[in-house]
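These are the residues of each chain, in order.
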Amino acid sequence: LGGRSRSAMVVQTWTVVGEGIVSAEELDAVFAQLLDSPGWSEFKTKTTRRMCDQYTFDGVRDRRPPPHLRFLHALVGRLVDRLQADHPGDAVVPMQCFLCLYEDGDDSCPSHAHDCRQLTLSFGGGRTLLVEGRPIRMGHGDVVVLDGERHGVPAERG
C-alpha cells in the first residue's frame, strides 16, 4: 500500500443525498430497480457468498451500462464527476462497476484490496464494511472512497 501505515489511512465518507447527487426518492427508485434487475448471479468462495452483477468501462468514462443496468448511467456519471472534483490532479478513469447484493446476514465478502481507488455506494439496510480492520457502518446512500485499503463485509448473523 505504498508504505502507508494503518494509522495513516485516509478514507473519505459522505452521502449521495447529503451531497445533492440524488434525492432520497431517486436513491430509493434506483435501489428498487437494482433489486428487480435480472442480472444478478451467485458468487461463492470457500467461505463467503453474495449475489453480483457488473460491467466494465474499457477506458471510456461515459460508457453506457448494459441494457439491464441502463438506469444506473446518470448516477454513476455523477459519482465519477464527484470523485474527479475531489481529485483534480488525477484523471479519474472508471474501470468497472461491480455490484454486490447481500440478501441476508450470512452473505459476506472476504477482506481484500485493490490497486486502484474505489468508490463504494451502499443501498438498503445497514451493513458493516471493515476497512483495515476498522468498522464503518454503511447505510442507504452512504459512500466510502478507498485508495488501496483492505476491506470486506463480514457476515452479520442473528
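Here is a short report on the structure shown in this document. (Residues numbered from 1 in each chain as written. Predicted model: local features only at pLDDT ≥ 70, side-chain atom pairs only at ≥ 80, totals over all residues. Heavy atoms only, no water.)

With respect to unusual backbone geometry
Turning to step 1, where the next piece is worked out: Positioned with a positive phi, D58 is a non-glycine residue whose angle comes to about 50°.
Turning to step 2, where the next piece is worked out: By secondary structure assignment, the location of D58 is in the loop between β3 (49–56) and α2 (73–86).
Turning to step 3, where the next piece is worked out: Positioned with a positive phi, E132 is a non-glycine residue whose angle comes to about 50°.
Turning to step 4, where the next piece is worked out: Among the structural elements, E132 can be located in the loop between β7 (127–131) and β8 (134–138). (Helix = DSSP H or I, 4+ residues; strand = E, 2+ residues; numbered from the N terminus.)

Description of the nonpolar core
Note on soluble globular proteins: their nonpolar side chains tend to be buried together.
Turning to step 1, where the next piece is worked out: Core analysis: the largest hydrophobic core is formed by 26 residues, its most contacted members being V16, L34 and L75.
Turning to step 2, where the next piece is worked out: Counting only elements with at least two residues in this core, the list comes to α1 (24–36), β3, α2, β4 (96–101) and β9 (142–147).
Turning to step 3, where the next piece is worked out: With 5 residues, α2 is the single largest residue contributor to this core.
Turning to step 4, where the next piece is worked out: Beyond its immediate sequence surroundings of up to four residues, L75 is in contact with I21, V22, V30, L121 and F123.
Turning to step 5, where the next piece is worked out: L129, V131, M138 and V153 belong to the second largest nonpolar core, which has 7 residues in total. (Core = buried A, V, L, I, M, F, W, Y, C linked by side-chain atoms within 4.5 Å. Buried < 20%, exposed > 50% of the residue type's maximum accessible area, 1.4 Å probe, protein only. Contact = heavy atoms within 4.5 Å.)

So, the packing of aromatic side chains
Here a ring pair, both rings aromatic, is described through the centre-centre distance and the interplanar angle of the planes.
Turning to step 1, where the next piece is worked out: Scanning all chains against the criterion turns up 2 aromatic pairs.
Turning to step 2, where the next piece is worked out: Ring geometry for F31 and F123: centres 6.2 Å apart, planes at 10°, overall stacked. One end of the pair, F31, is in helix α1; the other, F123, is in the loop between β6 (117–121) and β7, and 92 residues separate them in sequence.
Turning to step 3, where the next piece is worked out: Between Y55 and F57 the ring centres are 5.2 Å apart and the planes differ by 45°, which places this aromatic pair in the tilted class. Taken as a pair, Y55 and F57 share a single burial class, namely buried.
Turning to step 4, where the next piece is worked out: Its guanidinium or amino end placed over the ring of W14, R82 lies 4.0 Å from that ring's centre, counting from NZ or CZ. (Phe/Tyr/Trp six-rings, centres within 6.5 Å; stacked < 30°, edge-to-face > 60°. Lys NZ or Arg CZ within 6 Å of the ring centre and 35° of its normal.)

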